Structures are given as C-alpha cells and as structure tokens.
Amino acid sequence: MCGIVGLKGEFKADTILSMMKITESRGMDSHGIYLKNEENIIYNNNFKLSDFNVDKNTYNIGIGHNLLSIFNFYNEDEFLNFQPIKYNNLILSFNGEIYNYKEVLNFLKSNLYDGQSPKSDSELLVKLLYYYYNKDYNLLDAVEHTNRIIDGDYAYSVFDGVNIAVTRDKIGVKPLFYGEYNGLQAFASEKKALWKINIKDKIKSLKPGFILYNFREYPPKDLIYGYVSSQHHKYETYKKKLDTLLNKSVKDRIKNVDDIALIFSGGVDSTLLLYYILDNLNEKQNLTLYTVSNNDSQDLKHACKVAKSLNQKLKVSLIDEDTVRHYLDKTLLAIEEANLMKLGVGMTIFIASHMIFEDNIKVALSGQGADELFAGYNRYRNTYELGYTGKDGLKYKRFKAVECELRHDIENIYDVNLQRDDAVSMANGVELRVPFLSEELVKWSLNIPAKYKIKNAEDNIRKNILRDLASDKGIPDYIAYRNKKAAQYGSGIDKILRKKIFKDLDINQYYNKLIETI
C-alpha cells in the first residue's frame, strides 16, 4: 500500500513535502507530487524526498504520494506504479488494491477502448474514472459510479483541474483523515501529517464509502452493513457459500504476491486463513507465520503445534516487560491515540509487522473482522441476554439483538480496529490484508442468522458456523473449538501495560508529551 496527502488553499511546496516526509514509512520506494496555481503546474511522480527542489511559490492545490510497491516498479522501461498518475485532465493518487481487476478491465474493454491495457491498479482506476467523467464531466458522479464497480481496499484522491474528490473503500480498510485550519484544507492517510501543518482540532475520519468532494462529505447510495437479504437458507447452504467466499477472498489477496506473511495466533480465525492460503499457494510463493506471545501463552503452544503439523515456517517474538517498553512509543505514535485497549492490540501487530519487515516481506494477512461478523466476543453473550437498542430506538432481544450489534460493529470497525491495524503495519512498511472483510463476504455473513453464530447466553465459544466450517476443512477440534483470548491478552501485552507500565502513570499525559515531539 501507500500513503496519500493533499492540500487546498494557499501554501508553499515545503508544506505538502513536510506531510509526505512524516508519513514516509507508508511508502519508501518512490515519491510523487502535483502542485498547481493559476500560472504553473509542477508534476513529478518519481523522486527522492531528500532531492526535491522546493521553490518559494504559493500553490492552491497539492497532491502527494509515497509509494510502497508490492510488485515491480517497471517492466521494459515502462513505469508501472509511479504516482500521482495523470490521464487526460485527471490527476489520481491511489492507495490500495483492486481485487476485481479482470472484471473491471473487461468492462473497460467492452466500453472504451484505446487498445492498450492498463499496467497497474492505479492506471486501471484512472481510466475507469475518466470513462464516467467523460460522459458529463461531473467528477462526483464519476467517483460514485467507479466505487460501485471496484472491489478492493483503497483510498484515493482525484483532481480534474477544478474539483477534487477523495474517497475510501466501503468497509474502511484503508484510512483517510481530513481537516481545516486557517483557510487551509487537507487530507492524509495519517493524522500526524495533518498535525504537522497545525491541523490538530476537529480532525475527521472519512466514513467508509463516503466521498469528500471539495471538502464536503457525500454518503454512498448503499451501505454494506445496511444490506438485508430477503432470502433465507439452510445451515449447510450458509456454510457452503461461506467456504466459497472465504476461499475467493484469500485467493484474491495472495495472487501475484511472491512472499506472504500470516499473523498467526493458533486460533480458529488465523488457522482457517492458513488452510485457505495453503489451498491456493503456488510453487513460486513462500509463506511464513508470525506469532507474538509470552512464553507461557496458550497461543504460542497452539501456534507451534499447528505449524509443526503442517510443516510451516513459524517465527516467534517472545514478550516481556523490556519488549513492551521498547515498542511503546513507536506503537503510540503509530496508532495516534491514547487508548490502552488499542495499544495492546496495536503493539501485537506492530511487533509482528516489524518481524515481517525485517524478513523483507511486504504483504501480511490477518484474521481481523471474524469476531465482528460471527459473534466472537464474549460481550455478545450479554447482548443476547440483556438485549440491544437499535438505531431506530427499539429494544431488540436475543438473536435479533445480536444481529443488530453485529451490524453496528461492522459499521464502526474502521474506527475501532482497522485504522489502528493499518497504522501499525504501515509504520513498518507492511501492507496488511484482511480476507474476512471482503465486500461479498461481509454482506453474506451479516445475513447469516445469529442462531448459527451463538447458541445462547451460556455459549462460551460462539462463532459456531465458522468453527464448524473449520472442522469440515480438517482443522483439528482442539483448534476449531478452542476458546481463545483476544490478541492483547493472549500475548500478555495488556497485562504488562496495565499492571506495570501504566499502573501509576497516566497514559493521556504520557501520550500528549510524546506527540509534542512531532
């Protein structure tokens, strides 16, 4: 993945350059910039940040891009990935992956076509945008139509010379923040890029699927978490389709990637991903598992047992107080929030991502989203027993209550989990992919009746249909039906943070002092 930044107002070139520098870990392979005022345009999509010559002119529009290239930069002297990318009057800066590339390409071929196939996701995207833009020269409509067609994890900006639109994927896997200060409007993949230019108050996270058009939010016409199917199926039908969709999602996220990492806890979610990866791995691809744990953790015991039984390479980082203190500041600066819960989970992924980075691997998979889709958390037992008040103000009970909470959790997973996970992995130059959160899989899973996920208020393991699927695939029952702790508890990090590091220390004061260094 990459990092994108943008400015609208009156600013100097070094302003947007400072935003790019502070988010450089999101993409250190190459850098690109587009600057425009009434008289001049500067466009360079392949330079080193240290070599860029900053002039003293004032600009009105600026777009910056830090590139993390998963694939080759170029092929036979034709640059494939450098950004921002220019196509006719459109300037695109793209962070993400398009998983239905072939379908979109076939659509373009049947509706355009200039005879030359796109060589990258970004080139495919800008040509699709221009196809819709060219119909009535309306950039907002072009982005709306484009987002309905593409399936992927993404955030991108597009400028037509007058208007600028910024958007993100329907689940919110890729982050996008924006704000305003003293007449200067800005967006960025990380908050710290906005902090750098004195935008510190009222920073907003663009909601999943929304479009920020000339810095005004426009909602999508359809929301994934609001999709309700009118069809009802048998248990085995739900499970069979779940198997098909999960296999496809994993296959899409590992294709064309030579070296793959899996953040592995030995629980049912990550073990299921492991089995699907092995089903789709070709002879040229390499897989490595990464576990973060203390020496006494059940996670470590089960992760080692599974890896050994499948003859898979497993790398382990053992956690103690010194380790947590070493990664404390780095993780807090990455997640950009003084939240002990997020810090515990975030540090687990940060440490795993650091190991992955040291092994020169750029793509990692994780099981994020499974608990929110299949009622994995213990609190869903309380919801079943006590009920849940929906958006409509009505109090729901039992299975209907659980279904309402699951939809609420998927609606907010971008803010609660995904922004944190992306931040800590990209701080290490690692792109995190989340197969459980593909669009099709989310829609299908949210419409599986809650009675197939949780039995009652005494159900201690939950995620029943997912566990049954795991058992069907041959995963041992000691994994498939294991009652697993959350990552921060399984690794032991949460206990160290709460009982030792922040026992007599206020995390908010510590964090506020830390970010003063930015």
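Residues numbered from 1 in each chain as written. Predicted model: local features only at pLDDT ≥ 70, side-chain atom pairs only at ≥ 80, totals over all residues. Heavy atoms only, no water.

1. Details of the overall build of the protein chain
- The secondary structure content of the protein chain amounts to 19 helices and 22 strands.
- Radius of gyration (C-alpha) of the protein chain: 23 Å, near the 24 Å computed for a compact globule of 518 residues.
- When its C-alpha atoms are laid out on the principal axes, the protein chain stretches across 70 × 55 × 55 Å.
- The proportion of buried residues among the 518 residues of the protein chain is 58%.
- Residue pairs at least 24 apart in sequence account for 72% of intrachain contacts in the protein chain once pairs closer than 6 positions are excluded.
- Taken as a whole, the protein chain presents about 22,700 Å² of accessible surface, with 45% of it coming from carbon and sulfur. (Helix = DSSP H or I, 4+ residues; strand = E, 2+ residues; numbered from the N terminus. Rg over C-alpha atoms; globule rule 2.2 N^0.38 Å. Buried < 20%, exposed > 50% of the residue type's maximum accessible area, 1.4 Å probe, protein only. Contact = heavy atoms within 4.5 Å. Areas by Shrake-Rupley, 256 points an atom, 1.4 Å probe, with all protein chains shown as cover.)

2. Side note on empty space enclosed by the protein
- Tallied over the full model, the rule gives four cavities of 30 Å³ or more.
- Approximately 80 Å³ is the volume attributed to the largest cavity.
- Taken together, 14 residues line the largest cavity, and the ones lying closest to its centre are D151, G152, D153, I171 and E439.
- Among the elements that make up the lining of the largest cavity, the one with the highest residue count is strand β9 (residues 152–159) (three residues).
- Here the residues of the lining of the largest cavity sort into six nonpolar, two polar and six charged.
- Considered as a void within the structure, the second largest cavity measures approximately 60 Å³ in volume.
- Forming the boundary of the second largest cavity are V173, K174, Q368, L418, D421, D422, L432 and V434.
- Of all the elements, helix α13 (residues 398–426) adds the most residues to the lining of the second largest cavity, at three residues.
- Among the residues forming the lining of the second largest cavity, the class breakdown is four nonpolar, one polar and three charged. (1 Å grid on protein atoms, 1.4 Å probe; cavity = no way out; pocket = protein on both sides within 12 Å on 5 of 7 lines; lining within 4 Å. Points joined across faces, edges and corners; volume = space filled by probe spheres on them. Nonpolar A, V, L, I, M, F, W, Y, C, P; charged D, E, K, R; others polar.)

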